[in-house]
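# Fold and contact review
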Amino acid sequence: MSTIPALGLLLLVVMVLVGGKQGALSFLSLLLNFVFLFAAIVLVSLHFSPIVVTLIFGIVILAVTIFLGNDDEVTTQTAFFASILVMLVLLALILPVEHWASVQGFGMEDSDDLEGMSLLIGIKFMQVSIVTAVFSTLGAIAEAAMAISAGLAEIVQQQPKIATKQLFYDGITVGKQIIGTTFNTLFFGFFGGFLGLFIWYVDLHYSLGQFLNNKIFDAEILMVLFSLISVILTVPMTTWVMTRRIHHVRKNKRAN
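Residues numbered from 1 in each chain as written. Predicted model: local features only at pLDDT ≥ 70, side-chain atom pairs only at ≥ 80, totals over all residues. Heavy atoms only, no water.

Attention now moves to the overall build of the protein. Looking only at helices and strands, the protein has nine helices and zero strands in total. Of all intrachain contacts in the protein linking residues separated by at least 6 positions in sequence, the fraction that spans at least 24 positions is 77%. For the protein, the exposed area adds up to about 15,000 Å²; of that, 70% sits on carbon and sulfur atoms. Taking the 12 positively charged and 15 negatively charged side chains of the protein as two groups, their mean positions are separated by 27 Å. (Helix = DSSP H or I, 4+ residues; strand = E, 2+ residues; numbered from the N terminus. Contact = heavy atoms within 4.5 Å. Areas by Shrake-Rupley, 256 points an atom, 1.4 Å probe, with all protein chains shown as cover. Lys, Arg positive; Asp, Glu negative; His and termini not counted. Charge placed at Lys NZ, Arg CZ, Asp CG, Glu CD.)

Put into structure tokens, the structure is as follows:
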């Protein structure tokens, strides 16, 4: 058994031991999301519209991640609806930013790996960068939406008569704590993943200007910033969806 299957099996065992049935379902969602991502790559390579593919598979991946990760109906439905809204808003932001930044394609550091290969693949690298940017934020969106939705659902369960304004305030309070930890997670994940590249920059004696204007570095920084923005947007969006849901439920009860 090679290293990757062994680590995957170890991950499954740990998730089942800690999370039981829910841990097994979460591992299943991970496998399904891998299949959906691979399918999205294949469709884009077959010249289907990258934006359409992103929207369809983005919604599917969010559904799998959220609904297989929790069995509470209120929590999952709220998180799913809020996640879709955030993804749409983020897509509207990513489209112009990727165009203005012009960081699509490969950098000079990739020249050795690309030597002898043709870049005439018939797909605009701009569209590929947009697809990559959207998919890279889905995990952060789903995680933040589920955390806030679950927290608010617990508050409503403990205090059924809580005012919607107070519930919104509590959601923002919970969100502030999530944002802080998520920022650190994304930052250190980015830094750890590109430590070798940073060392390379130093060995090549890059100036600060060359460092900040490097295409590979800027592309990854944009990914991190998009993820951070998505988490920030998820906090008020999920809180708003939950408060509207609670308000609608109470209104229906009064009408009946």
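As a packed pair, helix α6 (residues 164-193) and helix α9 (residues 215-255) sit with axes 10 Å apart at the nearest point and diverge in direction by 160 degrees. Considered as vectors, α6 and α9 are oriented roughly antiparallel to each other. Note on packing geometry: the crossing formed by α6 with α9 is right-handed. When its residues are assigned to classes, the contact of α6 with α9 shows 18 nonpolar, eight polar and two charged. (Axes fitted to C-alpha atoms, helices over the stretch in contact; angles between N-to-C directions. Parallel < 35°, antiparallel > 145°, perpendicular 65-115°, else oblique. Left-handed = near helix turned anticlockwise from the far one by under 90°. Nonpolar A, V, L, I, M, F, W, Y, C, P; charged D, E, K, R; others polar.)

The next point concerns the packing of aromatic side chains. Applying the stated criterion across every chain, the model contains two aromatic pairs. Each ring, one from Phe-36 and one from Phe-57, has its centre 6.4 Å from the other, and the planes form 55 degrees; the classification is tilted. Of this pair, Phe-36 sits in helix α1 (residues 3-45) while Phe-57 sits in helix α2 (residues 50-67), and the two are 21 residues apart along the sequence. Since its relative accessible area comes to 23%, Phe-36 is described here as partly exposed. (Phe/Tyr/Trp six-rings, centres within 6.5 Å; stacked < 30°, edge-to-face > 60°. Buried < 20%, exposed > 50% of the residue type's maximum accessible area, 1.4 Å probe, protein only.)

Grouped together as the largest cluster of nonpolar side chains are 30 residues, with contacts concentrated most on Leu-62, Ile-66, Ile-94, Phe-135 and Leu-138. Among the elements of the structure, α1, α2, α3 (73-101), α5 (125-158) and α9 are those that each provide at least two residues to this core. It is α5 that provides the largest number of residues to this core, a total of eleven residues. Setting aside residues no more than four positions away along its own chain, Ile-66 makes contact with Thr-76, Ala-79, Phe-80, Ser-83, Ala-142 and Met-146. Counting 15 residues, the second-largest nonpolar core is a separate cluster that includes Ile-155, Val-156, Leu-167 and Met-242. (Core = buried A, V, L, I, M, F, W, Y, C linked by side-chain atoms within 4.5 Å.)

Right, let's get into unusual backbone geometry. With phi around 75 degrees, His-47 is a residue other than glycine that occupies positive phi space. Of note, His-47 is situated in the loop between α1 and α2.

Once that is clear, we can look at α1. Taking 1.5 Å of rise per residue, 43 residues should cover 63 Å, yet α1 covers just 29 Å from first to last C-alpha, more than 12% shy of that figure. Of all the bends found along α1, the most pronounced is centred on Gly-19 and spans about 140 degrees. Of all the residues in α1, the buried ones are Gly-23, Phe-27, Ser-29, Asn-33, Ala-40 and Val-44. The inward-facing, buried residues of α1 abut α2 and α5. Positive backbone phi, at 75 degrees, marks His-47, one or two positions downstream of α1. (Expected span 1.5 Å × (residues − 1). Bend = angle between axes of the 7 residues up to and from the residue.)

The next subject is the confidence of the model for the protein. Of all residues in the protein, 91% attain a pLDDT of 70 or more, and the chain-wide mean is 81. Averaged over each element, pLDDT in the protein is lowest for helix α4 (residues 111-114) (56) and highest for α2 (89). (pLDDT = per-residue confidence, 0-100.)

Another point: the environment of Ser-83. When you line up the elements, Ser-83 lands in helix α3. For Ser-83, a relative accessible area of 0% corresponds to the buried category. Between the C-alpha atom of Ser-83 and that of Leu-62, which follows or precedes it by 21 residues, the distance is 7.3 Å. Those residues in contact with Ser-83 that sit more than four places away from it in its chain are Leu-62, Ile-66, Ile-141, Ala-142 and Ala-145.

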